[in-house]
Amino acid sequence: MPSVETALSLVHDAHVRIGENVAVYGQGLIGLLVTSIMALQTPSLIASRSPFCSITTFDTFDDRLRISSSLGATSALKPISASKAGPFDVSIEASGSPRALQSAIDNTSNNGRIIVGSWYGNSNVSLKLGIDFHRSHKTIQTSQVS
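Before going into details, it helps to say that this report is about the structure given with it. Keep in mind that this is a model prediction, so the values were computed, not measured.

1. Section: the overall build of the protein
At step 1: Looking only at helices and strands, the protein has 6 helices and 6 strands in total.
At step 2: Relative to its full complement of 146 residues, the protein shows a buried share of 40%.
At step 3: Taken as a whole, the protein presents about 8100 Å² of accessible surface, with 54% of it coming from carbon and sulfur.
At step 4: Of the side chains in the protein, 11 bear a positive and 10 a negative charge, and the two mean positions are spaced by 6 Å.

Structure, rendered in structure tokens:
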């Protein structure tokens, strides 16, 4: 159950609104649970017309991308496609990869939200937080990791 709790915390912390474009970086257990929970949030009033939000998932493994599509991802792509697929209103990073976290920062729209669910422990993570980042007013928020 800790994995479900973590995924639910990530979704709650993201505060996804109707019509937003969401990216989920990493489709391991936590990322797949996040994708599944978000896909289930389509209100019945609009379910027949359009999804609550678009969910684009990223992973390096084809099997994980196929599973995320079957769980409700709008698009399931390799990480190299992130810049063409974005920008995203909300990015959830659950991959454990600093490169994915940088991609989430780079491909989240101005005033967007980045939710970090990865646990980096005592590892140093180097990020590019230059002038573009500071002018963009993006929010980086950590979430509970069980």
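From this point on, the discussion continues.
2. Some details on the layout of surface pockets
At step 1: Of the pockets and cavities examined, the largest pocket occupies roughly 470 Å³.
At step 2: Lining the largest pocket are 24 residues, with Thr60, Pro79, Ser97, Arg99 and Ala100 positioned closest to its centre.
At step 3: Of all the secondary-structure elements, those providing two or more residues to the lining of the largest pocket are α2 (29-39), α4 (82-85) and α5 (98-106).
At step 4: Class assignment for the residues of the lining of the largest pocket results in 10 nonpolar, 11 polar and 3 charged.

3. Structural notes on the packing of α2 against helix α3 (residues 62-71)
Two quantities define a packed helix pair, namely the angle between the helix axes and the distance between the axes.
At step 1: Put simply, α2 and α3 touch, their axes get as near as 9 Å, and they point 20° apart. In terms of their interaxial angle, α2 and α3 are classed as roughly parallel. Two packed elements cross with a definite hand, and for α2 against α3 that hand is right-handed. Seen from α2, the contacting residues are Leu32, Thr35, Ser36 and Ala39; seen from α3, they are Arg64, Ile67, Ser68 and Leu71.
At step 2: Partitioning the contact of α2 with α3 into residue classes produces 4 nonpolar, 3 polar and 1 charged.

4. Description of helix α1 (residues 2-14)
At step 1: Between its first and last C-alpha atoms α1 spans 18 Å; for 13 residues at 1.5 Å apiece the expected length is 18 Å, and the two agree.
At step 2: Buried positions along α1 lie against α2, β4 (88-93) and β5 (108-116).
At step 3: Positive phi shows up at histidine 15, right after α1, with a value of about 45°.

5. A look at the side chain of glutamine 102
At step 1: With respect to the helices and strands, the residue glutamine 102 is situated in helix α5.
At step 2: At 2.7 Å, the side chain of glutamine 102 and the backbone nitrogen of lysine 128 are in polar contact.

Here is what the cut-offs are and how they apply
Residues numbered from 1 in each chain as written. Predicted model: local features only at pLDDT ≥ 70, side-chain atom pairs only at ≥ 80, totals over all residues. Heavy atoms only, no water. Helix = DSSP H or I, 4+ residues; strand = E, 2+ residues; numbered from the N terminus. Buried < 20%, exposed > 50% of the residue type's maximum accessible area, 1.4 Å probe, protein only. Areas by Shrake-Rupley, 256 points an atom, 1.4 Å probe, with all protein chains shown as cover. Lys, Arg positive; Asp, Glu negative; His and termini not counted. Charge placed at Lys NZ, Arg CZ, Asp CG, Glu CD. 1 Å grid on protein atoms, 1.4 Å probe; cavity = no way out; pocket = protein on both sides within 12 Å on 5 of 7 lines; lining within 4 Å. Points joined across faces, edges and corners; volume = space filled by probe spheres on them. Nonpolar A, V, L, I, M, F, W, Y, C, P; charged D, E, K, R; others polar. Axes fitted to C-alpha atoms, helices over the stretch in contact; angles between N-to-C directions. Parallel < 35°, antiparallel > 145°, perpendicular 65-115°, else oblique. Left-handed = near helix turned anticlockwise from the far one by under 90°. Contact = heavy atoms within 4.5 Å. Expected span 1.5 Å × (residues − 1). Polar contact = N/O pair within 3.5 Å; in protein donor to acceptor, adjacent residues only side chain to side chain.

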